[in-house]
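These are the residues of each chain, in order.
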Amino acid sequence: MLFDSHAHYNDKKFNDDKDTLLSSMRENNIGLIMNSCSSLEEIPDIFEICEKYPFVYASVGIHPHESDGLQEADMDKLKEYAQNPKVKAIGEIGLDYFYDFSPRDIQKKWFARQIDIAKELKMPVIIHDRDAHKDCMDILREHNVSDIGGVFHCYAGSTEMAKEILDWGMYIAFGGSLTFKNSVRPAEVAKYVPLDRIVIETDCPYLTPEPHRGKRNSSLYIHYVAERLAQIKGISMDEIEEVTFNNAKKCFNIN
């Protein structure tokens, strides 16, 4: 079985066939899914999915795109939502300097605040880092993310950066970009990262792997990521399935 460690089934792109898709996961070798969160407003929809499908878990957190206008009362609400037993992480949180939808100083403030909340709740974090490597690493270092661990979602950093992340006890996630023909760095990093610290993801409905790039993504395509990872590591698909499944369960403290 495969574990899709990052998905967004509450996205409107799944409105027409969400139940059909999720009902087909078991027969398509998908054992567990982590539905990641971007804003407080979407959490009720995420919880509804988790309640209906026992194999779907959730994170709660506020994406950097949504950080402008946040107040401390929103952090109280986040902590309240985190009490749901299906919630296994705080995320996705981080920095996004590619789009800059929120001012950078605001992104940094609420990123740091949510790390502190994760530490208070003793929960791992799911990190979003796009074109913000230095500031992201500085904040994680300063706020001692090693106390709680977590995962770097859709990893796009260097091998050198990965080394420090691994030293913090965190996991590194690879998704559809690993399959892209011109994607050299992710393959280099995947070769470097020890097998027991890798998880796989789709980020669906985004980042669709080859050969379906350009179409809507879903967990049904995660096997393409697993196959590419098996090729890079020079091991069997069976081993990739078992190891990445168990890694994700360990990362998110799922028994």
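Look up a bit, the structure's there.
Here the residue numbering is sequential within each chain, running from 1 through the sequence in written order. This being a predicted model, a pLDDT of at least 70 is required before a residue's local features are given, and a value of 80 or more before pairs of side-chain atoms are given or counted; all residues contribute to the totals for chains, interfaces and linings. By convention in this description, side-chain values take in all heavy atoms of the structure and omit both hydrogens and water.

Thoughts on the overall build of the protein chain
For step 1, the next point in the chain: In this text, helices come from DSSP runs of H or I with a minimum length of four residues, and strands from runs of E with a minimum of two, each type numbered from the N-terminal end. Within the protein chain, the regular secondary structure consists of 9 helices and 8 strands.
For step 2, the next point in the chain: A radius of gyration in this sense is built from C-alpha atoms; the matching globule rule multiplies 2.2 Å by the number of residues raised to 0.38. For 255 residues, the compact-globule estimate of 2.2 N^0.38 gives 18 Å, and the protein chain sits close to it at 17 Å.
For step 3, the next point in the chain: Considered along the principal axes of its C-alpha atoms, the protein chain spans approximately 45 × 40 × 35 Å.
For step 4, the next point in the chain: Throughout this description, buried means an accessible area under 20% of the type-specific maximum (1.4 Å probe, protein chains only), exposed means over 50%, and partly exposed covers the range between. When burial is assessed residue by residue, the protein chain has 58% of its 255 residues classed as buried.
For step 5, the next point in the chain: Considering only intrachain contacts with a sequence separation of at least 6, the fraction spanning at least 24 residues in the protein chain is 74%.
For step 6, the next point in the chain: Areas reported as accessible are Shrake-Rupley estimates using a 1.4 Å probe. Residue values count occlusion only from the protein chains shown. If you sum the accessible surface of the protein chain, you get close to 11200 Å²; carbon and sulfur atoms cover 46% of it.
For step 7, the next point in the chain: Counting rule for charge: Lys and Arg are taken as positive, Asp and Glu as negative, and neither His nor the chain ends is counted. The atom standing in for a charge is NZ when the residue is Lys, CZ when it is Arg, CG when it is Asp and CD when it is Glu. The positive charge centre, built from 30 side chains, and the negative charge centre, built from 42, are 3 Å apart in the protein chain. Should any heavy atoms of two residues lie within 4.5 Å, those residues are considered in contact.

Considerations on the packing of helix α7 (residues 184-192) against helix α8 (residues 222-233)
For step 1, the next point in the chain: Axis definition: a line fit to C-alpha positions, over the contact stretch in the case of helices; interaxial angles, taken between N-to-C directions, run 0 to 180 degrees. Where α7 contacts α8, the two axes come as close as 9 Å, and the packing angle between them is 65 degrees. The two elements α7 and α8 meet at a crossing, and its hand is right-handed. Here A187, A190, K191 and Y192 of α7 lie close against α8, whose contacting residues are R228, L229, I232 and K233.
For step 2, the next point in the chain: Basically, the charged four are Asp, Glu, Lys and Arg, the nonpolar ten are Ala, Val, Leu, Ile, Met, Phe, Trp, Tyr, Cys and Pro, and anything else, Gly included, counts as polar. Of the residues contributing to the contact of α7 with α8, the split by class is 5 nonpolar, no polar and 3 charged. What makes a crossing left-handed is the near helix being turned counterclockwise from the far one by less than a right angle; a clockwise turn instead makes it right-handed.

A word on the sheet that holds strand β3 (residues 56-60)
For step 1, the next point in the chain: When DSSP finds at least two bridges between two strands, those strands are taken to pair. As summarised here, the arrangement of the 8 strands in space is β1-β2-β3-β4-β5-β6-β7-β8, forming an open sheet in which the pairing is parallel. In this open sheet, the two strands that pair with only one neighbour each are β1 (2-7) and β8 (198-200). The mean inter-strand angle of the sheet, taken between neighbouring strand axes irrespective of direction, is 30 degrees.
For step 2, the next point in the chain: Pairing between strand β6 (residues 150-152) and strand β7 (residues 171-174): 2 bridges, direction parallel.

Concerning the pattern of salt bridges
For step 1, the next point in the chain: Salt bridges, as used here, are contacts in which a Lys or Arg side-chain nitrogen is within 4 Å of a carboxyl oxygen on Asp or Glu. Per the counting criterion, the structure on display carries 14 salt bridges.
For step 2, the next point in the chain: Among the salt bridges present, the one from D17 reaches R216, with a minimum N-O distance of 2.8 Å. Placement of D17 in the loop between β1 and α1 (18-23) and of R216 in the loop between β8 and α8 is noted, with a sequence separation of 199 residues between them.
For step 3, the next point in the chain: With a closest N to O distance of 4.0 Å, E210 and K181 form a salt bridge. Of this pair, E210 sits in the loop between β8 and α8 while K181 is found in the loop between β7 and α7, placing the two residues 29 residues apart along the sequence.
For step 4, the next point in the chain: On the basis of relative accessibility, which here comes to 75%, the residue K181 falls in the exposed class.
For step 5, the next point in the chain: Beyond isolated ion pairs, a larger network of salt bridges with shared partners links K134, D138, R141 and E164.

Brief notes about helix α5 (residues 133-142)
Given 3.6 residues to a turn, an α-helix orients residues that are three or four positions apart in the same direction.
For step 1, the next point in the chain: Taken residue by residue, α5 has C136, M137, D138, I139 and L140 as its buried positions.
For step 2, the next point in the chain: In this structure, the buried side of α5 is in contact with β4 (87-96), α4 (104-121), β5 (125-130), β6 and α6 (159-167).

So, the pairing of β1
For step 1, the next point in the chain: Counting buried positions along β1 yields 6 of 6 residues, so the element is predominantly enclosed.
For step 2, the next point in the chain: Pairing of β1 with strand β2 (residues 30-35), which is carried by 4 bridges, proceeds in the parallel orientation. Looking at the pairing, D4 lines up with I33 of β2.
For step 3, the next point in the chain: Think of it like this: strands point away, you trace from the first strand over the helix to the second, and a clockwise trace means the crossover is right-handed. Following the chain from β1 across α1 to the adjacent parallel β2, one finds a crossover that is right-handed.

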